[in-house]
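Listed below are the residues making up each chain.
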Amino acid sequence: MVAAKTADMGAAVESIRTYFFDTTDLFAAEQAILTRSSLSRALLASFSIPGALPPVVIDGHLMVDGGTVNNFPVDVMLAQGFGRIIGS
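Residues numbered from 1 in each chain as written. Predicted model: local features only at pLDDT ≥ 70, side-chain atom pairs only at ≥ 80, totals over all residues. Heavy atoms only, no water.

## Here's the deal with helix α2 (residues 39-46)
- For α2, every residue scored as buried is listed here: L39, A42, A45 and S46. Axial view of α2: buried residues confined to an arc of 125 degrees, hence all on one face. (Buried < 20%, exposed > 50% of the residue type's maximum accessible area, 1.4 Å probe, protein only. Helix = DSSP H or I, 4+ residues; strand = E, 2+ residues; numbered from the N terminus. Arc of directions from axis to C-beta.)

Following this line, the structure appears as structure tokens:
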């Protein structure tokens, strides 16, 4: 019974339609915003800190934490249409 609940929860998580993750594409050495890949793989990539956790392969690219090239992505949040952004 627990396995069935876990499977249902995974399907629910993958059905979220609006999200973005700030990641770094190691092959291109640039920032990459993930909005359409697998939610779970994008989440893994977004906290794969180089040297601590392995990169995640997404569409043939090695993806790691976005803080590698943009450690405070306010510009990304503004581009996504968020209003006020509070951060430090």
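Structure shown, so let's carry the discussion forward.
## A word on the pairing of strand β2 (residues 30-34)
- As judged from the five bridges shared by strand β1 (residues 21-25) and β2, these two strands associate in the antiparallel manner. By the bridge assignment, T24 is partnered in β2 with Q31.
- What sits between β1 and β2 in their antiparallel hairpin is a turn of four residues, with A29 showing a positive phi close to 55 degrees. (Pairing = 2+ DSSP bridges.)

## Some thoughts on the nonpolar core
- Counting residues in each nonpolar core, the largest one holds 10 residues, listed as Y19, F21, A32, L34, L39, A42, A45, V56, I58 and M63.
- Contributions of two or more residues to this core are made by β2, α2 and β3 (56-58).
- For this core, the element with the highest residue contribution is α2, accounting for three residues.
- Apart from the residues within four sequence positions on either side, A42 is in contact with Y19, F21, T23, L34, S37 and I58. (Core = buried A, V, L, I, M, F, W, Y, C linked by side-chain atoms within 4.5 Å. Contact = heavy atoms within 4.5 Å.)

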